[in-house]
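# Working through the structure, step by step
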Amino acid sequence: MVRELSYTTIAHVLESWEKLRRIKNYETVAGSILFRQLFKRAPQAKVLFGFPIDADTDSSELLTSKRFLMHAGYMIEMLD
């Protein structure tokens, strides 16, 4: 069963998201953080996005790759 969200919770989420949107290139910044956490917690997810399962989530090669940044930005755009 899912609990109903309070007005306070919803307002806090919307306010937090708005603060995030004020960051320059927020899609890429937030997406990179999201994907790094996802890949650390579920390494098998790397394969779903076209990365080798043994890719180092802290490597600058991965974090600056065009594919990684594209997926990161698109993920946040979809959430937004």
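One structure accompanies this document, and this report is about it. Because the structure is predicted, anything quoted here is derived from the model rather than measured.

## Describing the packing of aromatic side chains
Here the structure, examined in full by the defined rule, presents 7 aromatic pairs. Taking 6.1 Å as the distance between ring centres and 55 degrees as the angle between the ring planes, the aromatic pair formed by Phe 39 and Phe 49 counts as tilted. Of this pair, Phe 39 sits in helix 2 (residues 26-41) while Phe 49 sits in the loop between helix 3 (45-48) and helix 4 (60-63), and the two are 10 residues apart along the sequence. The pair Phe 39 / Phe 49 is uniform in exposure class, with both members buried. Ring-pair connections join several aromatic residues into one group, and the members of that group are Phe 35, Phe 39, Phe 49, Phe 51 and Phe 68.

## Examining the environment of Val 29
Structurally, Val 29 can be placed in helix 2. For Val 29 and Gly 73, which are 44 residues apart along the polypeptide, the C-alpha to C-alpha distance reads 7.9 Å. In this structure, Val 29 is in contact with Ile 23 and Lys 24, ignoring residues within four places of it in sequence.

Calculation criteria
- Residues numbered from 1 in each chain as written.
- Predicted model: local features only at pLDDT ≥ 70, side-chain atom pairs only at ≥ 80, totals over all residues.
- Heavy atoms only, no water.
- Phe/Tyr/Trp six-rings, centres within 6.5 Å; stacked < 30°, edge-to-face > 60°.
- Helix = DSSP H or I, 4+ residues; strand = E, 2+ residues; numbered from the N terminus.
- Buried < 20%, exposed > 50% of the residue type's maximum accessible area, 1.4 Å probe, protein only.
- Contact = heavy atoms within 4.5 Å.

Remember, this is a structural readout, not a statement about activity or role.
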